[in-house]
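One-letter residues, chain by chain:
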Amino acid sequence: MLKKNDRFLGLYSNFDPKLIILQIICMQLVFYGGLSVFFMILDFTFGLQMHIGQYFHFTTFETDTTYGLVAALASGLNIPLMIGGLTVIVEKANKVLDFVTTVYFYHYIICVLYNGALVSKFSWLMVNGICMVVNIVVGEYVCIRLEQQEIRLFENLMTSSRSESKGPSKKELRERKKKQEKEQAIEKIELKSMTVSV
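This section reports on the structure supplied with the text. Quick caveat, the model's predicted, so the values are computed rather than measured. (Residues numbered from 1 in each chain as written. Predicted model: local features only at pLDDT ≥ 70, side-chain atom pairs only at ≥ 80, totals over all residues. Heavy atoms only, no water.)

Within the protein one finds 7 helices and 0 strands. Secondary structure elements of the protein, listed N to C terminal, follow the sequence α-α-α-α-α-α-α. Looking at the 198 residues of the protein, the share that counts as buried comes to 26%. Summarising the internal contacts of the protein: among those between residues at least 6 apart in sequence, 70% fall at separations of at least 24. Surface summary for the protein: the accessible area is close to 14500 Å², and the carbon and sulfur share equals 65%. (Helix = DSSP H or I, 4+ residues; strand = E, 2+ residues; numbered from the N terminus. Buried < 20%, exposed > 50% of the residue type's maximum accessible area, 1.4 Å probe, protein only. Contact = heavy atoms within 4.5 Å. Areas by Shrake-Rupley, 256 points an atom, 1.4 Å probe, with all protein chains shown as cover.)

Right under this line is the structure:
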């Protein structure tokens, strides 16, 4: 028999820790993969040397350097990619908050380990905080819209069965009438040719 606290553990739902771990890993890969692509493009565009500090150093978003501009642009451009990942990997709007905060939490932990200290720059917190909030809000909105879409497969099945029960469509009736008229015209021509030959 289930206890009162078993509901918290997910025993009433389809709780699958392996799936959740794989989803987290995939979202981290989307996050860092997107950043890598945008860092490569923007570094090449601005003539900068790509380095690992762009990902993890707290001074990455300093506004007085070109590297700071590139890092902020890459983070902003990564938002649509993250939202696409959320719609494909996570799919459920009620899970978006959990997965986005997990991605940014692990990113923060990696940055702390890389720097050897807690965050000391407000610009880093501001840019990552804004990106996280935008990812959450827009990701939930897109996932909700996708969840609310009608399933087209069943709609098509229902309309085809309705059209069969109603009878032939107007187009089919016109085609049948044209075919009958052609057949009648051919019969008349055949009758005339028979009477002429007799």
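Alright, that's what it looks like, and here's the rest.
A few words on helix α1 (residues 17-46). Between its first and last C-alpha, α1 extends 43 Å over 30 residues, near the 44 Å set by a 1.5 Å rise per residue. Those residues of α1 that fall on the buried side of the exposure criterion are Gln23, Ile24, Met27, Gln28, Phe31, Tyr32, Gly34, Leu35, Phe38, Phe39, Leu42 and Asp43. For α1, the elements touching its buried residues are α2 (53-56), α3 (66-90) and α4 (96-115). Just past α1, the residue Gly47 takes up positive phi, approximately 70 degrees. (Expected span 1.5 Å × (residues − 1).)

Turning our attention to unusual backbone geometry. Backbone geometry places Glu91, a non-glycine residue, at a positive phi of 70 degrees. Take Glu91: it is sitting in the loop between α3 and α4. Residue classification places Glu91 among the partly exposed positions, given a relative accessible area of 47%.

Before going further, it helps to examine a positive patch on the surface. On the surface, a cluster of positive charge is contributed by Lys170, Lys171, Arg174, Lys178 and Lys182. In this fold, Lys178 is placed in helix α7 (residues 170-197). (Patch = residues over 30% accessible without salt bridge, like charges linked within 9 Å, V, L, I, M, F, W, Y side chains within 5 Å. Salt bridge = Lys/Arg side-chain N within 4 Å of Asp/Glu carboxyl O. Lys, Arg positive; Asp, Glu negative; His and termini not counted. Charge placed at Lys NZ, Arg CZ, Asp CG, Glu CD.)

By size, the foremost hydrophobic cluster in this structure holds 33 residues, and its most contacted members are Met27, Phe31, Leu35, Phe39 and Leu86. Secondary structure elements with two or more residues in this core: α1, α2, α3, α4 and α5 (122-148). Not counting chain neighbours up to four residues away, the residues in contact with Phe31 comprise Asn78, Met82, Val103, Tyr104 and His107. (Core = buried A, V, L, I, M, F, W, Y, C linked by side-chain atoms within 4.5 Å.)

As a further point, take the packing of α1 against α4. Axis separation between α1 and α4 bottoms out at 10 Å; the angle between their running directions is 65 degrees. You can see that α1 and α4 cross each other, and the crossing is right-handed. Of the residues in α4, those touching α1 at Ile20, Gln23, Ile24, Met27, Gln28, Phe31 and Tyr32 are Phe99, Thr102, Val103, Tyr104, Tyr106, His107 and Ile110. For the contact of α1 with α4, a count of residues per class yields 10 nonpolar, 4 polar and no charged. (Axes fitted to C-alpha atoms, helices over the stretch in contact; angles between N-to-C directions. Left-handed = near helix turned anticlockwise from the far one by under 90°. Nonpolar A, V, L, I, M, F, W, Y, C, P; charged D, E, K, R; others polar.)

Right, let's get into the side chain of Gln23. Considering the arrangement of structural elements, one finds Gln23 in helix α1. Setting aside chain neighbours within four positions, we find Gln23 in contact with Ile89, Val90 and Phe99.

Locating Gln54 in the fold gives a position in helix α2. Under the relative-accessibility criterion, Gln54 is labelled buried at 4%.

Function-wise, these values are silent; they only describe arrangement.
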